[in-house]
Amino acid sequence: MTPGHDPSPADVDPCDLPQHGHDLLRLEEARARMIAAITPVGGEETLELRGALGRVLARDVHSSVDVPSHRNSAMDGYALAGRDLPAAGSASFDVVGTSWAGRPFTGEVGRGQCLRIMTGATVPEATDTVVMQEHVRLEAGRAVIEAGHRAGQNVRPVGEDIRRGELALAAGCVLTPARLGILASVGVGEVAVRRRPRVAIFSTGDELRPAGTELAPGQVYDSNRYSLAGMLARLELEVIDLGVVADTREDTLSAFEMAAAQADAIVTSGGVSVGEADCVTGTLARHGEFGFWKVAMKPGKPVAFGRFGGAYFFGLPGNPVSVMVTFYQLVQPALRALAGVTDAEPPLLVRATCETRLRKAPGRLEFQRGVLARRPEGGYTVRSTGHQGSGVLRSMSEANCFIVLPLEQGDVQPGSEVEAQPFAGLV
Ligand code: AMP
Ligand code: MG
């Protein structure tokens with residue numbers, strides 16, 4: 001695998017970041033390279049349906065039954081033969097019995113007769129039409145039905161949802177609540193899912209302290225591990241939290257080794273810039289398979305990608321907003337590929353009228369953070385969450401979307417149309 005442009009020579013000082021003179025890589029290109037480099041994890045397990053929410057289906061599921069398995073009523077009402085419906089005026093019918101859901105009527109329904117029927121109850125052979133009860137008048141024990149109904153109405157045919165032998169769900173899909181429902185509806189009680197990838201995370205930085213402790217001057221609390229762990233959990237990945245690692249070659253290397261010994265992928269934050277203390281890229285260059293890109297996106301320009309031991313490696317920048325944006329835009333699709341997801345859809349983009357002025361210099365694709373809302377008269381508006389610094393995590397926490405500003409775009413004036421990408425449950 002050669003994820004980057006060129007591997008760094010082995011004799012490079014690991015803390016002396018290689019300076020590639022390359023142009024910035026486009027985000028789509030970086031994403032495509034990551035996905036192309038990834039082989040999904042092997043192994044599967046069988047789970048009871050309820051425990052399989054969010055997991056990746058390991059094998060195609062074909063239905064062994066028709067859904068529904070019997071012709072049934074879509075309404076509470078009266079079942080009759082469509083040819084007995086009055087063409088004009090009204091007609092009245094003897095009511096010969098009741099068909100309940102789960103308790104079919106076993107008698108005969110003749111000409112000029114009808115049957116009381118409940119939603120989901122079997123529609124008997126001799127009938128093919130259901131008139132909803134609100135349209136039926138009962139007079140002296142007979143059902144009176146006016147003209148204006150259509151033969152065949154309100155009857156659900158066998159296999160209307162899924163036919164026997166049909167593909168109900170394809171391998172590689174994520175088991176959403178609707179898909180768990182589909183599996184149950186075809187009678188599947190246990191399901192084979194792929195093993196969850198194990199993802200080790202650690203934060204790098206001498207200045208970082210865990211939340212809940214005292215800060216000395218110049219120190220900051222480590223927030224990245226919490227936002228990362230949260231996003232990983234939402235992706236149904238197994239998180240191995242290796243804490244905070246100091247900016248030394250020794251500590252960085254031993255953290256890499258510990259991570260690779262347990263995990264399928266490693267995601268780190270910090271230490272991928274060009275400072276003296278940025279050891280992550282150097283460690284990957286010297287001891288792993290190295291790829292380093294400067295991606296034409298903001299926030300989050302430098303991203304390291306490669307392999308270390310048997311694990312894929314994702315080195316994200318340190319700034320808290322950059323971590324979340326690069327994870328969302330680059331690492332998430334790569335980890336989905338690692339998990340074996342094959343039906344990932346491109347993110348939804350919504351055109352919206354921007355209510356605030358946005359500062360933007362041409363040259364990078366920007367993911368500003370915004371609040372998307374529906375206008376009562378139709379269409380959408382979006383506004384900025386304010387200060388967009390890559391250290392201002394509140395810009396993320398108050399947002400419900402990214403405002404996606406194309407590479408060549410300059411400042412945005414209020415009232416202009418922009419594209420917004422809703423967070424879709426991950427952030
Ligand atoms: P770096 O990429 O390591 O140079 O870090 C860039 C900025 O992000 C610095 O201001 C760091 O203090 C800050 N930073 C790095 N890691 C974290 C973290 N885990 N939590 C909060 N801030 C961080
Ligand atoms: Mg740092």
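Since this is a predicted model, take the numbers as computed values, not measurements.

1. Describing the overall build of the protein chain
Helix and strand counts for the protein chain stand at seven helices and 26 strands. The dimensions of the protein chain, computed from C-alpha atoms along their principal axes, are 95 × 50 × 40 Å. Expressed as a percentage of its 427 residues, the buried residues of the protein chain come to 47%. Sequence-distant contacts, at least 24 apart, represent 72% of the contacts inside the protein chain between residues at least 6 apart. Summed over its atoms, the accessible surface of the protein chain is roughly 19,900 Å², and 50% of this surface lies on carbon and sulfur atoms.

2. Considering the packing of aromatic side chains
Under the counting rule described, the total for this entry stands at ten aromatic pairs. Ring centres of Phe-367 and Phe-402 lie 5.7 Å apart, and the angle between their planes is 75°; this geometry places the pair in the edge-to-face category. In this pair, Phe-367 is assigned in strand β23 (residues 365-374) and Phe-402 in strand β25 (residues 401-405), connecting sequence segments 35 residues apart. Here Phe-402 falls in the buried class, since its relative accessible area comes to 0%. Their ring planes at 70° and their centres at 4.9 Å tell us that Phe-402 and Phe-423 sit as a pair that is edge-to-face.

3. What to know about the pattern of salt bridges
Scanning all chains against the criterion turns up 17 salt bridges. Residues Arg-111 and Asp-84 are paired through a salt bridge, measuring 2.9 Å at the closest nitrogen-oxygen approach. Here the residue Arg-111 occupies a position in the loop between β5 (90-99) and β6 (113-117), and Asp-84 occupies one in the loop between β4 (77-80) and β5, the gap between them amounting to 27 residues. Since its relative accessible area comes to 13%, Asp-84 is described here as buried. Sharing partners across several salt bridges, the network here consists of Arg-137, Glu-139 and Glu-146.

4. Side note on the pairing of strand β9 (residues 142-146)
Here β5 runs beside β9; their pairing, made up of five bridges, is antiparallel. Bridge pairing in β9 links Ser-92 to Val-144. Note that strand β8 (residues 136-139) and β9 share four bridges and pair antiparallel. Looking across to β9, one finds that Val-136 is bridged to Ile-145. Two successive antiparallel strands, β8 and β9, enclose a turn made up of two residues, where Ala-140 displays a positive phi of approximately 50°.

5. Quick look at the site of ligand 1
Near ligand 1, the surroundings consist of 15 residues, among which Glu-207, Asp-222, Ser-223, Asn-224 and Gly-271 are the closest. For ligand 1, a nitrogen atom lies 3.1 Å from a polar atom in the side chain of Asn-224. Backbone polar atom of Gly-271 to an oxygen atom of ligand 1: 3.0 Å apart, as the coordinates give it. Within the complex, the protein chains bury 76% of what would otherwise be the 480 Å² of accessible surface of ligand 1. A class-by-class count of the residues in the shell around ligand 1 yields three nonpolar, nine polar and three charged.

6. Concerning the environment of Thr-283
Turning to its location among the elements, Thr-283 is positioned in helix α5 (residues 280-287). Take Thr-283: its relative accessible area is 3%, and that puts it in the buried class. As a C-alpha pair, Thr-283 and Thr-252 span 31 residues in sequence and 7.1 Å in three-dimensional space.

7. What to know about the nonpolar core
Within the largest apolar cluster, 48 residues are counted, with the highest numbers of intra-cluster contacts made by Phe-314, Phe-327 and Leu-335. Among the elements that line this core, the one with the most residues is helix α6 (residues 320-339), at 13 residues. Those residues within four positions of Phe-327 in sequence are excluded, and the remaining contacts are Leu-228, Met-231, Leu-232, Leu-235, Leu-316, Ser-322, Gln-332, Pro-333, Leu-335 and Leu-426. Counting 20 residues, the second largest nonpolar core, distinct from the first, contains Ala-200, Ala-255, Ile-266 and Ala-311.

8. A word on the sheet that holds strand β17 (residues 265-269)
Here we have six strands laid out as an open sheet, ordered β16-β13-β17-β21-β20-β18, and mixed in their pairing. In this open sheet, the two strands that pair with only one neighbour each are β16 (238-245) and β18 (292-294). Each strand of the sheet is rotated relative to its neighbour by a mean of 15°, with strand direction disregarded. As paired elements, β17 and strand β21 (residues 311-316) share five bridges and run parallel to each other.

9. Some details on the confidence of the model for the protein chain
Looking at the protein chain, the pLDDT average stands at 93 and 95% of residues meet or exceed 70. In this model, residues 1-21 is a region of pLDDT below 50 whose contacts with residues beyond four sequence positions or in other chains number 52 contacts.

10. Regarding the sheet that holds strand β7 (residues 129-132)
The six strands are arranged β7-β4-β6-β5-β9-β8 in an open sheet whose pairing can be described as mixed. Every interior strand has two partners, whereas the edge strands, β7 and β8, have only one. Averaged over neighbouring strand pairs, the angle between their axes works out to 40° when direction is ignored. Direction of pairing for β5 relative to β6: parallel, over a ladder of four bridges. Residue Ser-99 lies in a different strand from β6, and its bridge partner there is Ile-117.

Analysis parameters
- Residues numbered from 1 in each chain as written.
- Chains lettered and ligands numbered in written order.
- Predicted model: local features only at pLDDT ≥ 70, side-chain atom pairs only at ≥ 80, totals over all residues.
- Heavy atoms only, no water.
- Helix = DSSP H or I, 4+ residues; strand = E, 2+ residues; numbered from the N terminus.
- Buried < 20%, exposed > 50% of the residue type's maximum accessible area, 1.4 Å probe, protein only.
- Contact = heavy atoms within 4.5 Å.
- Areas by Shrake-Rupley, 256 points an atom, 1.4 Å probe, with all protein chains shown as cover.
- Phe/Tyr/Trp six-rings, centres within 6.5 Å; stacked < 30°, edge-to-face > 60°.
- Salt bridge = Lys/Arg side-chain N within 4 Å of Asp/Glu carboxyl O.
- Pairing = 2+ DSSP bridges.
- Near = heavy atom within 4 Å.
- Polar contact = N/O pair within 3.5 Å; in protein donor to acceptor, adjacent residues only side chain to side chain.
- Nonpolar A, V, L, I, M, F, W, Y, C, P; charged D, E, K, R; others polar.
- Core = buried A, V, L, I, M, F, W, Y, C linked by side-chain atoms within 4.5 Å.
- Axes fitted to C-alpha atoms, helices over the stretch in contact; angles between N-to-C directions.
- pLDDT = per-residue confidence, 0-100.

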